[in-house]
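# Residue-level structure breakdown
Below, each chain spelled out in residue letters.
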Amino acid sequence: MASSGGAPGMDLISQGYWDGVTRNELVVQQCDGCGRLRHYPQHLCPGCQSSGCHHVSIAKSGTVHSWTISEHNFDTEIVQDVPYTLATVDICEGVRVLGRYVGIDEIRMGLSVILTFEPNHRGNLIPVFRST
Ligand SMILES: [Zn+2]
């Protein structure tokens, strides 16, 4: 699952995630062996090494774990967005998700946020967090 400026790289492993994005749902893998939830999509469970999994839709709320402000233009198609804030968020069900932060509250560790999927300049849906 590659991403350059929000352009998704869909493959067989990430198909369930991207299908959820089109429904504005956060879909993650759940291991058939041990039940562990995991995100980003992976071939093997990091807990039990099982390759079996199914997809589940989980809540989109969580708290900010960390963040950075990108002040360098890595992609000419999003130059108008620079600088922008990227946050890693601990989702309540126990996975961590990376996305842009556009909330009105000053970002800080532990800030409660909600995830939506919104189109970028190319029309691709990307994860966006806002404070609650
Ligand atoms: Zn497992």
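Residues numbered from 1 in each chain as written. Predicted model: local features only at pLDDT ≥ 70, side-chain atom pairs only at ≥ 80, totals over all residues.

## Describing the sheet that holds strand β7 (residues 84–91)
What counts, and what does not: We call two strands paired when DSSP finds no fewer than two bridges between them. Note on conventions: DSSP H or I runs of at least 4 residues are helices, E runs of at least 2 residues are strands, and numbering of each starts at the N terminus. Each axis is a line fitted through C-alpha atoms, taken for helices only over the stretch in contact, and angles between the N-to-C directions span 0 to 180 degrees.
Taking strand neighbours around the barrel as the criterion, the 5 strands line up as β6-β7-β8-β10-β9 in a closed arrangement whose pairing is mixed. Here the average twist between neighbouring strands, direction ignored, is 45°.

## Observations concerning the pairing of strand β10 (residues 125–131)
Regular strands place side chains that alternate from one sheet face to the opposite one. Bridge analysis of strand β8 (residues 96–101) against β10 gives 2 bridges, and the strand direction is parallel. Each residue of the ladder has a partner; that of Y101, found in β10, is F129. Inspection of the sheet shows strand β9 (residues 112–119) paired to β10 by 7 bridges, in the antiparallel sense. Bridge assignment links P119 to a residue of β10, and that residue is L125. Between β9 and β10, which pair antiparallel one after the other, the connecting turn spans 5 residues, and G123 there sits at a positive phi close to 90°.

## Concerning the sheet that holds strand β5 (residues 53–58)
Pairing is antiparallel in the open sheet, where 3 strands are placed in the order β4-β3-β5. Two strands in the sheet have a free side with no partner beyond their single neighbour: β4 (37–38) and β5. As paired elements, strand β3 (residues 26–31) and β5 share 6 bridges and run antiparallel to each other. From the neighbouring strand, V28 faces β5, where its bridge partner is V56.

## Some remarks on the environment of I104
Definition in use: The burial criterion counts other C-beta atoms lying within 10 Å of a residue's C-beta, which is placed from the backbone; the residue is buried at 20 or more, exposed at 12 or fewer, and partly exposed between these limits.
Residue placement: I104 occurs in the loop between β8 and β9. Judged by the 6 C-beta atoms lying within 10 Å of it, I104 is exposed. Measuring from C-alpha to C-alpha, the distance between I104 and Y17 comes to 27 Å, with 87 residues separating the pair along the chain.

## Topic: the pairing of β9
Relative to β9, strand β6 (residues 61–70) runs antiparallel, the two sharing 3 bridges. Its bridge partner being in β9, G62 is matched across the sheet by V113.

## A few points about unusual backbone geometry
Of note, the bond from H39 into Y40 is cis; its omega dihedral lies within 30 degrees of zero at 15°. Of note, the bond from V82 into P83 is cis; its omega dihedral lies within 30 degrees of zero at 0°. Among the secondary structure elements, P83 is positioned in the loop between β6 and β7. Backbone geometry at N24 places phi at a positive 60°, although glycine is not the residue there. With respect to the element layout, N24 can be found in the loop between α1 (15–22) and β3.

Any functional reading would require information that these geometric values do not contain.
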